[in-house]
Amino acid sequence: MRKIIVQKFGGTSVADTDKIKNVAKIVIKEKENGNDVVVVVSAMGHTTDHLVKMAKDLSPNPSEREMDMLLSTGEGVSIALLAMAVQAQGYDAVSYNAMQIGIMTENIHSKARILGIKTEKLKRDLKNGKIIVIAGFQGVTEDGEITTLGRGGSDTSAVALAAALNAERCDIYTDVEGVYTTDPRVVPHASKLKEISYEEMLELAHAGANVLHPRSVETAKLNNVPLRVRSSFKLDNLGTLILGVEKMELNKPVAGVAQDLSQARIVVCDVPDKPGVAAKLFSKLAQENISVDMIIQSYARKVSNTNDIAFTVDKADLHKTIAALESLKTEIGATGDIEVDENIAKVSIVGAGMIDRPGVASTMFETLAENGINIRMISTSEIKISCLVDKEQAALAVKSLHSVFKLDSDVKADVKGDLPNI
């Protein structure tokens, strides 16, 4: 029985017709290896950024439904051109958008989650020897509404398709050679990882590593989909394999360092210190589909019996968050201001090897202190420690932590173009 390989190509890999021809060669090579091939592509180059700019020129706050209608057009260009390029080489190829095959999502615009994928048409085409090219990033609801999965959602589309088709592997092609210990633009001597666990990759993705969309890693982990990140331009390099932590040898406590410059810190001041207040606050944000990251609640003030609740959200959700909190202040009895700080960055260390290894947290804190970097907030998980610092100190924090945990490589990382924005 022929194996199915799902390949995903980001916007920089299909930025122009020459690069699309290069992608066609990669796709055909996989086909000639005796495999059935399903290809997922993003919009060309900076198409999505251009579309967003046009929308903002027309409206400062365009509706999410119309934004989905607009942004879903970008992938339509890519899939048609790639199918043409494959056909020009004598191979049978067909392109589909998400509506044509049935990538079904929840009824939420801009951040929809995939509920299921109809595979009948895909399996029929594969049986007939066709190379299938599918638009990433988009889906459709039961009542026919077009949705998008959020920036970088093409990764999620590819992994979900691999899971639905029981594919042998999902290869994510980009313009870097794999997953690095940190952003090579910040630390030129970052090391390329031969392998990394789903758990570590998921934490790095949530912490700001611009390689894979967090949901794609989560989907791969849940469905046990073998995942590989490799370069579209250096095919002799097999990139980074992402697999279960139980299959790895953990030689270092820390696998990578990440920074996230896209978050804002919010403090709701003088909140009554009584049961249920925090639940109401964060339930309101959840109803607005706003994801909260780091959370700290201060000690209660004895005189006023109030405290402050601080947390971080993505800057893209800041306007919605403030509006939700203002409408909630009276209900929960908060008497203070809502303070906002956008001049912050989250810096994280991640590693499955830090489990049961004492001293990792203290080394991180001491290193930041030695470099004059003040910690504003701290959050931890079993394999991650994150610190909120001033944005202008983020790069120094990443470099110093990368060095102290001995992640530097003797070889300068080779980054072709921009790392993907996810």
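Keep in mind that this is a model prediction, so the values were computed, not measured. For every chain, the first residue of the written sequence is number 1, and numbering continues from 1 onward in sequence order. Reporting in this predicted model follows two pLDDT cut-offs: at least 70 for local features of residues, and 80 or more for side-chain atom pairs to be given and counted; totals over whole chains, interfaces and linings ignore these cut-offs and use all residues. Note that the side-chain values use all heavy atoms of the structure and ignore hydrogens as well as water.

Draft legend 1. Looking closely at the packing of helix H10 (residues 277-287) against helix H11 (residues 318-332). The angle between two axes is taken between their N-to-C directions and runs from 0 to 180 degrees, where each axis is a line fitted to C-alpha atoms and a helix contributes only its stretch in contact. Helix and strand definitions follow DSSP, with helices as H or I runs of at least four residues and strands as E runs of at least two, each counted in order from the N terminus. The interhelical angle for the contact between H10 and H11, taken along N-to-C directions, is 150°, at an axis separation of 10 Å. When the interaxial angle is binned, H10 and H11 end up roughly antiparallel. Handedness of the crossing formed by H10 with H11: right-handed. Every residue of H11 that contacts H10 at Val 277, Lys 280, Leu 281, Lys 284 and Leu 285 is listed here: Thr 321, Ala 324, Leu 325, Ser 327, Leu 328, Glu 331 and Ile 332. In this classification, the charged set is Asp, Glu, Lys and Arg, the nonpolar set is Ala, Val, Leu, Ile, Met, Phe, Trp, Tyr, Cys and Pro, and all remaining amino acids, among them Gly, are polar. Considered class by class, the residues forming the contact of H10 with H11 number 7 nonpolar, 2 polar and 3 charged. The labels follow the angle: roughly parallel below 35 degrees, roughly antiparallel above 145, roughly perpendicular from 65 to 115, and oblique for the rest. Each crossing gets its hand from how the near helix is turned against the far one by less than a right angle, where anticlockwise is left-handed and clockwise is right-handed. In this description, contact between two residues means that some pair of their heavy atoms is separated by no more than 4.5 Å.

Draft legend 2. Main features of the packing of aromatic side chains. Geometry of aromatic contacts follows a simple scheme: Phe, Tyr and Trp rings, the Trp one being its six-membered ring, pair when their centres are within 6.5 Å, and the pair is stacked under 30 degrees between planes, edge-to-face over 60, tilted otherwise. On inspection of all chains with the given rule, the structure shows 2 aromatic pairs. Judged by centre distance (5.4 Å) and plane angle (70°), the rings of Phe 282 and Phe 311 are edge-to-face. Placement of Phe 282 in helix H10 and of Phe 311 in strand E16 (residues 306-314) is noted, with a sequence separation of 29 residues between them.

Draft legend 3. Main features of the environment of Gly 239. Considering the arrangement of structural elements, one finds Gly 239 in the loop between strand E11 (227-231) and strand E12 (240-243). The spacing of Gly 239 and Ile 5 is 234 residues in sequence and 16 Å in space, taken between C-alpha atoms. What Gly 239 contacts, discounting residues up to four positions off in sequence, is Glu 177, Gly 178, Lys 192, Leu 193, Lys 194, Val 229 and Arg 230.

Draft legend 4. A look at the pairing of strand E13 (residues 256-260). Buried, partly exposed and exposed residues are distinguished by accessible area as a fraction of the type maximum, computed with a 1.4 Å probe on protein chains only: under 20%, between the cut-offs, and over 50%, respectively. Counting buried positions along E13 gives 5 out of 5 residues, so the element sits mostly inside the fold. Alternating positions in E13 separate into two faces, Gly 256, Ala 258 and Asp 260 on one and Val 257 and Gln 259 on the other, with burial throughout. Should DSSP find at least two bridges between two strands, the strands are regarded as paired. Sheet analysis places E13 next to strand E18 (residues 344-350), joined by 5 bridges and oriented antiparallel. Bridge pairing in E18 links Ala 258 to Ser 348.

Draft legend 5. Highlighting the sheet that holds strand E17 (residues 338-341). Taken in spatial order, the 4 strands make up an open sheet running E15-E16-E14-E17, and their pairing is antiparallel. One side of each edge strand has no neighbouring strand; the edge strands of this open sheet are strand E15 (292-297) and E17. Across the sheet, the mean angle separating the axes of adjacent strands is 20° when strand polarity is ignored. Summarising the sheet, strand E14 (residues 263-272) and E17 pair through 4 bridges and their orientation is antiparallel. Looking at the pairing, Val 267 lines up with Glu 339 of E17. Sitting on the sheet, H10 touches E14, E15 and E16, and the angle it makes with E16 is about 20°.

Draft legend 6. Expanded view of the sheet that holds strand E1 (residues 4-9). Spatially, E3-E6-E2-E1-E9-E11-E12-E10 is the arrangement adopted by the 8 strands of the open sheet, whose pairing is mixed. The open sheet has two edge strands, strand E3 (93-96) and strand E10 (195-197), and neither has a second partner. Between one strand axis and the next, the sheet turns by 20° as a mean value, whatever way the strands run. Note that E10 and E12 share 3 bridges and pair parallel. Across the sheet, the residue bridging to Ile 196 is Ile 242, located in E12. Where helix H7 (residues 153-164) meets the sheet, its contacts fall on E1, strand E2 (36-41), strand E6 (131-135), strand E9 (169-174) and E11, and the angle it forms with E1 comes to roughly 175°. Helix H8 (residues 198-207) rests against E10 and E12 of the sheet, and its axis sits at about 80° to E10.

Draft legend 7. Local environment of H10. The complete set of buried residues in H10 reads Val 277, Leu 281 and Leu 285. Viewed end-on, H10 has its buried residues packed into an arc of 65°, placing them on one side of the element. Structural note: H10 exposes Ala 286 and Gln 287 on the side pointing more than 90 degrees away from its buried face. Check the buried side of H10 and you find it contacts E14, E15, E16 and H11. The arc in question is the one traced by the directions running from the helix axis out to the C-beta atoms.

Draft legend 8. Region of interest: the nonpolar core. What makes a nonpolar core is a set of buried Ala, Val, Leu, Ile, Met, Phe, Trp, Tyr and Cys residues whose side-chain atoms join them at distances within 4.5 Å. If you look at the biggest cluster of nonpolar residues, it comprises 42 residues, and the most contacted ones within it are Ile 134, Cys 170 and Leu 212. Ignoring anything within four residues of it in the chain, the contact list for Cys 170 reads Val 6, Ala 158, Val 159, Ala 162, Val 225, Pro 226, Leu 227 and Arg 228. With 22 residues, the next largest nonpolar core counts Phe 9, Ile 26, Ile 28 and Val 39 among its residues.

That is the geometry; function is a separate question.
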